[in-house]
Amino acid sequence: MDTYGLIICFILLYFALTGALHARFAVRASEKSRTLFCILQCVSSVALVAVGVMTALELRWLFALTAAVAASFIISVCGKKDEKNDADGAEGRADAKKAEHGTAVRIISAVAAAAVVLLPLCMLLVGAFVYPSQYGESYLGELPAKVRRLDSAGEGKVVVIGGSSVAFGLDSELLSEQLSRSVVNFGLYATLGTEVMTELCARSIGTDDIIVIAPETDRQTMSDYFGAEAVLEAFDGEAGMLGRLPARYFSKLAGAFYPYAAGKLAHGVGFSHPASGIYGAASFNEYGDIAVPRPHNTMLAGVDGTRSITLSADIATSDFIDYLNSFAEYAEKKGARVYFSFPPMNRAAVVPSEGADGSTDAEKIASDAAAYYEFFAEKLNFPVITDPAACLMGSGYFYDTNVHLNDSGVTVNTARLAADILRAEGSTKAVTVELPPEPALPEQPDRQGDEADDADTDMFVYEDYGPGLAVVGVTDAARGRTSLTLPRTHDGKTVIAVRGGALSGCTALTELTVNDNIAQISDGAFSGCPALTRVVIRFENADLVTVGEGLFEGAPAGLMLYVSESAYPSFVGNYTWYEYSSRIKTEK
């Protein structure tokens, strides 16, 4: 919520109510004064609503303020009626005509009252459908191009559906050569929801098509999750494509309409959400693959420690399984064949489930993989063509997350999927792809900086983590501090991570500074700090720090993240930071 916008709205509300009260109760005021107060009320009321929408106030505040100014018109209208009755029945008073507002003023009041009610909706509709697209250059802005590719591919195509693991995981040209079919990479972003991608695909399914569904291994993608605001952003400027989605999603789209449209209005005409490094529409080729060169792993120690992977059947909801079966039935009626596969997964990020069979982690993970395959093979009414154990790949094949592959990983994964599809189709054709070796992990970048940033180094508790240290707690001296800075080094070692709950007990803390030596911030890192309202992040490149899906678990509702103006596009357009974009602001 924009605090300055809220303050302005309350000032305008004061003027609106002042005008209404003077028009109602200032019985000695001249007709001219009453007219001026009425105009003040109307102008203030309309301005309040306009400012509220343009500054993207929270919907509850906008409704409350709109109701307040609407009540001011009721006050003034009641005043007019009472004054007329009093004037008609009281002796010795001035002529009733002098006490009434003129016709023009009454018209102004009526128009302003209607504007107060209709203006928010009209402004939001203008922002959503008249303003130029603001997301066309962003990562989500690629979705319309993928839909058009799907529509133009014809029959007999191969469509691979999933999240960003598909976008980062395929060489569609190579897959097309191996299968002798056109290929559409229909993976983009798990935040959209798996069902969104399958529903967008449904209209374009044709005879002899091969549909491969390969969702990422987490609870969100294996559920009926629908990312309404992300969908609206993806189809910004292409609203007609929303008609491809079933009517059951429209209530969720309506719920997300205000933050989407108000956000566009707040940014203004001419604004465009820029690409964040590799995360932009320009990074895709004509097949829908991420085509920007990415030769090696960029993650700390080769793995994102904030997003572990567990091969556990309980992450898939029964509704999701039922949906997949109904989608497969629909596709098969149109003459297509549907297969289920698994995404590439960083073996170093996989942790065994509780109660897994085996005496070592490797044995437990192998047991999990076998049970994971058996679950889907039993529950799905169409073939599962991939062994999840075959999707566990070395860290050297990944790029910036545990499911995004680099160039070498893409080749290996594409060859594996081609072999799976050929086998499922009953073909004896061999895959003729030379597999690259696993690239070595690069040396970690130097994250040393200003020694002054280490002033609070004795305020924290540490443990060894990879090539450096992780903050796991605070000392008693830190618990009464109102501001803290995470240090760059401690006892000669670089501080590279913050664990969940590390700041718990800092009840007076209001501001935390995070320097660019920190490479990982775990879920719940800001929990246990009830007064914390500002986290200042001194990073220019969001790609250098990874965060989990529960960064704000246990954090105060008013906590905001502050980055430099130059770093802002990198953060709001980044794959892992995007979901927190509403809580990221530029440092004043």
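Residues numbered from 1 in each chain as written. Predicted model: local features only at pLDDT ≥ 70, side-chain atom pairs only at ≥ 80, totals over all residues. Heavy atoms only, no water.

**Student:** In this structure, what is going on with the packing of aromatic side chains? I would like to understand it.
**Tutor:** For any pair of aromatic rings, the description rests on two quantities: the centre-to-centre distance and the angle between the ring planes. As enumerated under the stated definition, the model contains 19 aromatic pairs in all. Ring centres of phenylalanine 129 and phenylalanine 257 lie 6.1 Å apart, and the angle between their planes is 25°; this geometry places the pair in the stacked category. With a gap of 128 residues between them, phenylalanine 129 in helix 5 (residues 103–130) and phenylalanine 257 in helix 11 (residues 250–267) connect regions that are remote in the sequence. Ring geometry for phenylalanine 340 versus phenylalanine 342: centroids 5.4 Å apart, planes at 85°, classification edge-to-face. Across this residue pair, the class does not change: phenylalanine 340 and phenylalanine 342 are buried. Members of the aromatic cluster, connected to one another through ring pairs, are Tyr139, Phe168, Tyr189, Tyr279, Phe284, Tyr399, Tyr575 and Tyr578. One residue, arginine 499, lies across the ring of tyrosine 465, its end atom 4.4 Å from the ring centre. Over the ring of tyrosine 562 we find arginine 534, and its NZ or CZ is 4.3 Å from the ring centre. (Phe/Tyr/Trp six-rings, centres within 6.5 Å; stacked < 30°, edge-to-face > 60°. Helix = DSSP H or I, 4+ residues; strand = E, 2+ residues; numbered from the N terminus. Buried < 20%, exposed > 50% of the residue type's maximum accessible area, 1.4 Å probe, protein only. Lys NZ or Arg CZ within 6 Å of the ring centre and 35° of its normal.)

**Student:** Quick question: what am I supposed to make of helix 6 (residues 143–152) here?
**Tutor:** Along an α-helix, a turn takes 3.6 residues, which lines up residues three or four apart on a common side. Within helix 6, burial applies to Leu143, Pro144, Lys146, Val147 and Leu150. Around the axis of helix 6, the buried residues are gathered within 160° of arc, so they sit on the same side. In this fold, the buried residues of helix 6 make contact with strand 1 (158–162), strand 2 (183–187), helix 9 (194–202) and helix 10 (228–234). (Arc of directions from axis to C-beta. Contact = heavy atoms within 4.5 Å.)

**Student:** Quick question: what am I supposed to make of the environment of proline 344 here?
**Tutor:** For proline 344, the position within the fold is in the loop between strand 4 (337–340) and strand 5 (345–346). Residue proline 344 is classed as buried on the basis of its relative accessible area of 3%. For the pair formed by proline 344 and tyrosine 397, sequence separation is 53 residues and the distance between their alpha carbons is 9.6 Å.

**Student:** Help me out: how do you make sense of the side chain of glutamine 520 in this one?
**Tutor:** With respect to the helices and strands, glutamine 520 occurs in strand 13 (residues 520–521). There is a polar contact of 2.7 Å between the side chain of glutamine 520 and the side chain of tyrosine 465. Dropping the residues within four chain positions of it, glutamine 520 is found in contact with Leu300, Val303, Asp304, Gly305, Thr306, Tyr465, Ile496, Ala497, Val498, Val545 and Thr546. (Polar contact = N/O pair within 3.5 Å; in protein donor to acceptor, adjacent residues only side chain to side chain.)

**Student:** Would you mind going over the packing of helix 8 (residues 172–179) against helix 14 (residues 407–424) with me for this structure?
**Tutor:** Between two packed helices, what matters for the description is the angle formed by their axes and the separation of those axes. Contact pair helix 8 / helix 14: the axes reach a minimum separation of 10 Å and the direction vectors enclose 30°. Here helix 8 lies roughly parallel to helix 14, going by the angle between them. The two elements helix 8 and helix 14 cross, and the hand of that crossing is right-handed. Contact residues: Leu174, Leu175, Gln178 and Leu179 in helix 8; Thr411, Thr414, Leu417, Ala418, Ile421 and Leu422 in helix 14. (Axes fitted to C-alpha atoms, helices over the stretch in contact; angles between N-to-C directions. Parallel < 35°, antiparallel > 145°, perpendicular 65-115°, else oblique. Left-handed = near helix turned anticlockwise from the far one by under 90°.)

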